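Commentary on secondary and tertiary structure
Take a look at the letters that make up each chain.
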Amino acid sequence: MKVALLGNPNSGKSSLFNQLTGLRQKIGNFPGVTVDKKIGFCKIKSNVEVEIIDFPGTYSIYPGSLDEQVVLEVLANPDSPDYPDLAVVVVDATNLKRNMLLFEQVSDLNIPCILALNMLDSALDLGIEVNSMKMASLLGVPVVEINAREGIGLEGLKLAIFKQLEKREYHHNVSILDEEYSLLADKVKEEYDIKNSYLALQYLAQSQKLAFLGFEKQKELQQLAKANSFDPDRFQSNDTIKRYADIGGTLAEAVRTTGVKKETVTEKIDRVLLHTVWGYVIFIGVLFLLFQAVFALASYPQDWIDAGIGELTGWLSSLLPESKLTDLLLDGVIAGVGGVLIFIPQIAFLFILISILEESGYMSRVVVLMDRLIRRFGMSGRSVVPLISGMACAVPAIMSARTIGNWKDRLITIMVTPLMSCAARLPIYTIIIALVVPEQKVLGVFGLQGLLLMGLYLLGFFSALISGWLMKLILKSKERSYFVMELPTYKRPRWSQVFYTVYEKVKTFVFEAGRVILAISIVLWVLSSYGPGEDFNKAEEIVSTQFSGLDDVQLENEIASYKLENSYAGHFGRFIEPVIKPLGYDWKIGIALITSFAAREVFVGTMSTIYSIGSSADDERTIKARLKKEMNPETGKARFDIATSASLLVFYVFAMMCMSTLAVVYRETKGWKWPMIQLGYMTALAYLAAFVTYQLLK
Amino acid sequence: MVTETHLTLADIPKGSKAEVIGFHDIPLSLRLMELGFAPGAEIKVDCHAPLGCPVCISLDGDYHLTLRKSEAETIEVKLV
């Protein structure tokens with residue numbers, strides 16, 4: 001048995017879903033569309049279990065975004081695998097008139113409904129008293145009082161579901177079916193073999209959105225509508241207005257409003273948070289705290305994971321026999337898995353904080369504050385969240401772009417978010433800046449190195465805005481969308497809801513993006529651990545005859561570096577050298593560029609391997625010293641002079657050097673097209689910018 | 001249809017109340033009606049974001065909405 005959970009956004013539908021199903025939920029896809037489907041299971045009686053499908057929140061069955069379209073596509077298609085036996089429509093009692101619209105429409109599609117009255121306590125505070133018994137008798141279907149937040153009334157709801165599934169009761173109000181429409185509805189019913197008049201009219205009004213009909217039928221229906229001068233907009237308008245009139249009648253009998261409207265808490269808070277000056281000051285303060293918290297809190301578990309992986313590698317390498325297979329397990333698989341795990345604390349903390357901001361209702365106010373400023377760059381106020389999160393890590397940031405309803409705004413946001421300098425670029429920035437920029441103060445207070453670092457972040461931010469502006473000019477969108485949205489009242493965050501969100505995001509990251517990162521790590525390991533010909537296979541002999549006076553550790557380092565030079569990755573590095581030479585790089589930097597494709601921070605590790613520092617890869621001082629010593633044989637000057645270093649910095653500001661990001665863009669856009677375009681444009685941008693930088697400073 | 005005053009929601013100052021008379025943008029009006037913006041509804045303008053857009057308004061009860069100025073301009077209202 002399938003039970004659909006339907007309701008307006010912010011009606012408490014997701015809370016109810018979590019309350020009913022607990023952790024027994026999974027995420028799937030609705031067939032043919034890019035919208036996540038949440039399914040859970042719930043025991044409504046000791047021996048009866050039902051499947052509960054959480055549909056995207058919607059105000060009506062006339063969809064305004066792709067998410068909402070799913071509701072129509074399933075409810076208008078009795079043959080859909082997700083078609084429910086019963087619908088629980090969750091309504092917010094503080095705004096019954098608007099919330100009942102969806103209930104009426106779903107009922108008229110001949111789906112047995114239960115009306116779940118939520119937020120009765122808030123309604124009572126506003127002086128709204130709802131008589132649920134009266135409503136049930138007026139509507140002819142079960143009306144259940146619940147408190148989805150606290151989980152009150154769940155047993156009553158389960159009982160109602162059980163009874164409604166046994167003996168179905170319907171509510172009908174096809175008040176819009178006057179003569180004009182009923183004749184036409186009969187025609188469609190006969191032609192397409194359907195029984196419900198309201199559904200027949202939906203066939204006519206929204207045939208374009210009903211993909212399951214097939215192209216032929218959609219075209220036929222459009223012609224039929226045209227031949228009978230059926231105006232879909234007028235029909236929808238009639239539908240809405242007449243339903244509101246009917247709902248008004250029901251509510252007049254079942255709802256009593258007392259008391260005059262006072263200024264609510266939400267209005268008082270908004271006066272401060274949306275203030276012309278204080279609004280922005282507070283917003284910047286919140287941002288500042290968010291970053292501090294993410295960096296400060298995530299660094300501890302990240303250190304533990306890092307240490308744990310190190311311990312595990314050490315333990316396994318002492319346990320397992322020395323072989324290629326062991327190397328693959330340790331340097332390929334475990335290193336790859338570690339690369340995935342290390343991101344989890346940042347993702348988790350960022351999402352905990354962001355979902356608290358969302359849950360409390362503050363995020364909608366940020367959208368209001370930023371919309372005007374960011375709109376000219378092809379995005380909407382809703383893009384602010386991903387852009388900000390992108391400074392920690394692009395992976396969760398891109399996942400959070402889902403809140404953007406408009407596909408074009410969302411796509412532009414996804415495409416430019418990786419330009420925001422993420423935490424992984426920090427090691428590269430700091431090492432190279434420390435290499436060429438002296439530690440001195442500007443104007444007595446600002447460190448020069450710190451200023452340059454900030455400059456790199458700003459470079460990323462402004463290029464994200466400019467790229468967004470360019471994409472706005474190029475991309476065309478047929479989807480008409482509106483900004484108008486509800487500003488939910490301020491609420492205490494529901495911790496269980498925060499937990500579910502974080503749990504789901506982390507799980508998605510580990511299993512979806514993690515797979516790709518793991519695969520790439522293994523490929524990189526193979527490429528840098530094997531090489532063609534004598535040079536690679538006899539590296540030990542060649543190096544030991546060449547450097548006979550070295551001790552064991554130094555010799556091992558020399559061998560490792562010689563092997564890398566002659567591995568497939570090394571050959572590839574030299575193969576691409578002509579391409580990167582105009583940027584001021586040699587083949588060694590080339591290898592680091594390639595390996596850093598798995599993740600940017602790999603750059604530092606690879607550089608340290610190439611410059612044979614060996615096991616003490618994390619000791620910056622040694623890497624720095626080595627890099628400083630490295631000479632450019634052609635010029636006789638230092639390899640990392642101002643020009644090459646600046647070119648590298650600029651390259652990493654723009655380059656899409658992150659497998660995880662590409663994997664997550666692939667997942668979010670459901671295809672390889674956009675991640676490939678993103679890789680292309682960011683690489684081109686990085687190359688050009690690095691080229692210009694090097695040539696100017698050379 | 002142009003009325004004598006043709007006042008739109010965008011003209012209503014902060015803190016004032018207005019009643020919805022009609023819409024100039026049909027597709028947008030369908031969306032607005034779903035959100036409870038039917039003709040006859042009473043609206044209070046709570047605030048304008050800095051730079052005048054978006055506009056924040058409230059309807060009956062504790063129900064708040066925000067919309068862009070360009071959207072507010074398509075809603076014809078009269079002052080209450």
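Residues numbered from 1 in each chain as written. Chains lettered and ligands numbered in written order. Predicted model: local features only at pLDDT ≥ 70, side-chain atom pairs only at ≥ 80, totals over all residues. Heavy atoms only, no water.

Cut-off, in case you're wondering: UniProt positions are given in the numbering used here, feature names are shortened, and annotations may be inferred rather than shown by experiment.
Identification of chain A as Ferrous iron transport protein B from Jiulongibacter sediminis is taken from an unreviewed UniProt entry. Quoted verbatim from the Function (unreviewed entry) heading of the UniProt record, the comment on chain A is "Probable transporter of a GTP-driven Fe(2+) uptake system."

**Observations concerning the state of the cysteines**
Rules: Cysteine sulfur pairs qualify as disulfides if the two atoms are within 2.5 Å.
A full pass over the atoms with the stated rule returns zero disulfides over all chains. Here B:Cys53 is not disulfide-linked; the sulfur of B:Cys56 is the nearest cysteine sulfur, at 9.8 Å.

**Quick word on the environment of A:Val89**
All names here are of chain A. Rule in force here: Helix and strand definitions here come from DSSP, where helices need a minimum of 4 consecutive H or I residues and strands a minimum of 2 consecutive E residues; each element is numbered from the N-terminal end. Between buried and exposed lies partly exposed: a residue is buried under 20% and exposed over 50% of the maximum accessible area for its type, with that area taken using a 1.4 Å probe on protein chains only. Two residues form a contact once any of their heavy atoms are found within 4.5 Å.
Position of Val89 relative to the elements: it lies in strand 5 (residues 86-92). Relative accessible area serves as the criterion here: at 0%, Val89 is assigned to the buried category. Expressed as a C-alpha distance, the spacing of Val89 and Met391, which sit 302 residues apart in the sequence, is 39 Å. Val89 has contacts with Leu6, Phe103, Cys113, Ile114, Leu115 and Ala116, leaving out every residue within four places of it along the chain.

**Observations concerning the interface of chain B and chain A**
The line we're drawing: By convention, the term buried area covers the 1.4 Å-probe accessible surface removed from two parts as they join, with the contributions of both added. Salt bridge, as applied in this entry: a Lys or Arg side-chain nitrogen positioned within 4 Å of an Asp or Glu carboxyl oxygen. Distance and chemistry together define a polar contact, namely a pair of N or O atoms within 3.5 Å, with one atom able to donate a hydrogen and the other to accept it when in protein, and with adjacent residues in sequence counting only for side-chain atoms on both sides. For this classification, the nonpolar set comprises Ala, Val, Leu, Ile, Met, Phe, Trp, Tyr, Cys and Pro, the charged set comprises Asp, Glu, Lys and Arg, and every other residue, Gly included, is treated as polar. Pairing between two strands requires that DSSP report at least two bridges joining them.
Opposite the 31 residues of chain B that make contact, chain A presents 38 residues. Here chain B and chain A share an interface that buries about 3200 Å² over both sides, 62% of which is from carbon and sulfur atoms. At the boundary of chain B with chain A, the tally comes to two salt bridges. Across the pair B:Arg68 and A:Asp371 runs a salt bridge, and its minimum N-O distance is 2.8 Å. Across the contact surface, chain B and chain A share 11 residue pairs in polar contact (both at pLDDT 80 or more). When residues in the side of chain B that touches chain A are grouped by element, the largest group, eight residues, is from helix 1 (residues 26-34) of chain B. Taken together, the residues of the side of chain B that touches chain A sort by class into 19 nonpolar, five polar and seven charged. Pairing between strand 12 (residues 485-487) of chain A and strand 4 (residues 63-67) of chain B: three bridges, direction antiparallel.

**As for the packing of helix 3 (residues 96-108) of chain A against helix 10 (residues 232-254) of chain A**
All names here are of chain A. What counts, and what does not: Where helices are involved, their axes are fitted lines through C-alpha atoms of the stretch in contact, as for all axes, and angles between N-to-C directions lie from 0 to 180°. What sets the label is the angle itself: under 35 degrees gives roughly parallel, over 145 gives roughly antiparallel, 65 to 115 gives roughly perpendicular, and the rest give oblique. By convention the crossing between two helices is left-handed if the near helix lies anticlockwise of the far one by an angle smaller than a right angle, and right-handed if it lies clockwise.
Between helix 3 and helix 10, whose axes approach to 9 Å, the crossing angle comes to 110 degrees. With respect to their mutual orientation, helix 3 and helix 10 come out roughly perpendicular. In this structure, the crossing between helix 3 and helix 10 has a hand that is right-handed. For the pair helix 3 and helix 10, contact is made by Leu96, Lys97, Arg98, Met100, Leu101, Glu104, Gln105 and Asp108 and by Asp239, Thr240, Arg243, Tyr244, Asp246, Ile247 and Leu251, respectively. Residue composition of the contact of helix 3 with helix 10, by class: six nonpolar, two polar and seven charged.

**Some words on the packing of aromatic side chains**
Aromatic ring pairs are defined here through the distance separating the ring centres and the angle between the ring planes. Residue and element names in this part refer to chain A. As a reminder of what qualifies: Any two rings among Phe, Tyr and Trp, with Trp reduced to its six-membered ring, count as a pair given centres within 6.5 Å; such a pair is stacked if its planes are under 30 degrees apart, edge-to-face if over 60, and tilted if neither. In this scheme, the term charge over a ring applies when either NZ of a lysine or CZ of an arginine sits within 6 Å of the ring centre and within 35 degrees of the ring normal.
In total, this model carries 13 aromatic pairs over all chains according to the counting rule given. Taking 6.1 Å as the distance between ring centres and 70 degrees as the angle between the ring planes, the aromatic pair formed by Tyr192 and Tyr203 counts as edge-to-face. With Tyr192 in helix 7 (residues 179-192) and Tyr203 in helix 8 (residues 197-205), this pair connects stretches of sequence that are 11 residues apart. Tyr203 matches Tyr192 in its accessibility class, with the two residues each being buried. Grouping aromatic residues by their ring pairs yields a cluster made of Tyr181, Phe230 and Phe235. In this structure, Lys97 is placed above the aromatic ring of Tyr244, and the distance from its NZ or CZ to the ring centre is 5.3 Å.

**Observations regarding the UniProt feature "transmembrane region" (unreviewed entry) in chain A**
All names here are of chain A. As recorded in UniProt, the sites labelled "transmembrane region" (unreviewed entry) are residues 277-298, 328-357, 377-399, 411-437, 443-470, 509-527, 642-666 and 678-697. Taken end to end, residues 411-437 comprises 63% helix and 0% strand; its first and last C-alpha atoms sit 38 Å apart. Helix makes up 100% of residues 678-697 and strand 0%. Its end C-alpha atoms lie 28 Å apart.

**Things to note about the packing of helix 18 (residues 407-416) of chain A against helix 20 (residues 448-474) of chain A**
For any two helices packed against each other, one specifies the crossing angle of their axes together with the interaxial distance. Residues and elements named next belong to chain A. Between helix 18 and helix 20, the least distance of the axes is 9 Å, while the angle of their chain directions is 140 degrees. It follows that helix 18 is oblique to helix 20 by the angle criterion. Where helix 18 crosses over helix 20, the handedness of that crossing is right-handed. Note on element contacts: helix 20 touches helix 18 through Ala464, Ser467, Gly468, Met471 and Lys472, opposite Lys408, Ile412, Met415 and Val416. Considering only residue class, the contact of helix 18 with helix 20 consists of five nonpolar, two polar and two charged.

**Structural notes on empty space enclosed by the protein**
Residue and element names in this part refer to chain A. The line we're drawing: Computed over the protein atoms alone on a 1 Å grid, cavities are sets of points where a 1.4 Å probe fits but cannot get out and pockets are open sets with protein on both sides within 12 Å along at least five of seven lines; a residue lines them when it has an atom within 4 Å of a point. Grid points are joined across faces, edges and corners, and a volume is the space filled by probe spheres set on the points.
Going through the model one piece at a time under the given rule, you end up with two cavities of 30 Å³ or more. Its boundaries defined by the atoms lining it, the largest cavity holds a volume of some 100 Å³. Taken together, 13 residues form the lining of the largest cavity, with Phe283, Leu287, Leu357, Met363 and Ile388 sitting closest to its centre. Secondary-structure elements contributing two or more residues to the lining of the largest cavity are helix 12 (278-319), helix 14 (344-360), helix 15 (362-375) and helix 16 (384-389). Residues of the lining of the largest cavity, tallied by class, amount to 12 nonpolar, one polar and no charged.

**What about a negative patch on the surface?**
Residue and element names in this part refer to chain A. As a reminder of what qualifies: Here a patch means residues that are over 30% exposed by relative accessible area and free of salt bridges, tied together within 9 Å if like-charged and within 5 Å if nonpolar (Val, Leu, Ile, Met, Phe, Trp, Tyr). Every accessible area reported is derived by Shrake-Rupley at a probe size of 1.4 Å, with residue values counting cover from the shown protein chains alone. Only four residue types enter the tally: Lys and Arg on the positive side, Asp and Glu on the negative side, with His and both chain ends excluded. Lysine's charge is taken at NZ, arginine's at CZ, aspartate's at CG and glutamate's at CD.
On the surface, Glu322, Asp327, Asp331, Asp551, Asp552 and Glu556 cluster together into a negatively charged patch. Breaking the negative patch down by element, the ones donating at least two residues are helix 13 (324-341) and helix 24 (552-566). Relative to the assigned elements, Glu556 resides in helix 24. Classification of Glu556 by relative accessible area gives exposed; the value is 59%.

**Brief notes about the pattern of salt bridges**
Residues and elements named next belong to chain A. Counting across every chain of the model gives 19 salt bridges over all chains. One salt bridge connects Asp54 with Lys13, and the closest N-O pair in it is separated by 2.8 Å. In this pair, Asp54 sits in strand 4 (residues 48-54) while Lys13 sits in helix 1 (residues 13-21), placing the two residues 41 residues apart along the sequence. Residue classification places Lys13 among the buried residues on the basis of a relative accessible area of 6%. One salt bridge in this structure joins Arg494 and Glu359, with 2.7 Å as the shortest N-O distance. Residue Arg494 is located in the loop between strand 12 and helix 21 (495-529), and its partner Glu359 is located in helix 14; the two are separated by 135 residues in the primary sequence. Using a relative accessible area of 16% as the deciding quantity, one classes Glu359 as buried. In the salt-bridge network here, residues are joined through shared partners; they are Glu104, Asp108, Asp239 and Arg243.

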